[in-house]
Amino acid sequence: MEGVQTNGEEQGQQEEAAPLSDQDKDVIQDTWAVVFENGEDAGVAVLTRLFVKFPSSKQYFKHFKHMEDPEEMAQSTQFRKHAMTVISAINTLVENIHDADKVATVLKRVAKAHALRHKVAPGYFKILGGVILEVLVEAFPDTFLPTEVQGAWSKLMGVLYTSVSAVYAELGWVDHQPH
């Protein structure tokens, strides 16, 4: 899978994310409201896209890993609940984006849970970031088509991935490529 190369990380080198400027942070906060108003539907769209494009990502979800039909996924109560969990986590990041310590704390908690409890390979966070960006641009083109908006959100997804990867590295996780 080409979009998830992390060989440098396996050798102890972390990718560096482009830092978020204050303007990026403001753009992210200004554009998030339209997504959060439609949070459950946005989350369902993100997870459905993730599972359809990257079926190996379903292996971590016992309640819906055998679902193939996107409509069945979208109608599942547990699927919708997890979709809102994802959106709520992003909402927490966006609400606290000007507080680096709070963002770091949230990302550390998410990373530890996914590494230790769920055993999710960190490369899936990079995949998820790309899927989130695709869905936001498609679902909310009036808000997310401008290049400065996409650039700010792309940086946020980069920060998310590198922060999570750093926690995984601290925990001694050896990244195995998603298959």
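This structure is a prediction, so every number in the text was calculated from the model and none was measured.

Colleague: Now, about the pattern of salt bridges: what can you tell me, with residues and values included?
Modeller: By the definition in use, this model includes 8 salt bridges. For Asp41, the salt bridge goes to Arg80, with nearest N and O atoms at 3.2 Å. Here Asp41 is found in helix α3 (residues 39-53), whereas its partner Arg80 is found in helix α5 (residues 77-95), with 39 residues between them in sequence. With relative accessibility at 21%, the residue Arg80 sits in the partly exposed group. Measuring nitrogen to oxygen at the nearest pair gives 2.6 Å for the salt bridge that ties Arg49 to Glu138. Highlighted residues: Arg49 in helix α3 and Glu138 in helix α7 (residues 123-139), separated in sequence by 89 residues. The exposure class of Arg49 is partly exposed, given its relative accessible area of 22%. In this structure Glu138 comes out as exposed when scored by relative accessible area, which is 52%. Salt bridges linked by common partners bring Arg49, Lys53, Glu134 and Glu138 together as one network.

Cut-offs and rules
- Residues numbered from 1 in each chain as written.
- Predicted model: local features only at pLDDT ≥ 70, side-chain atom pairs only at ≥ 80, totals over all residues.
- Heavy atoms only, no water.
- Salt bridge = Lys/Arg side-chain N within 4 Å of Asp/Glu carboxyl O.
- Helix = DSSP H or I, 4+ residues; strand = E, 2+ residues; numbered from the N terminus.
- Buried < 20%, exposed > 50% of the residue type's maximum accessible area, 1.4 Å probe, protein only.

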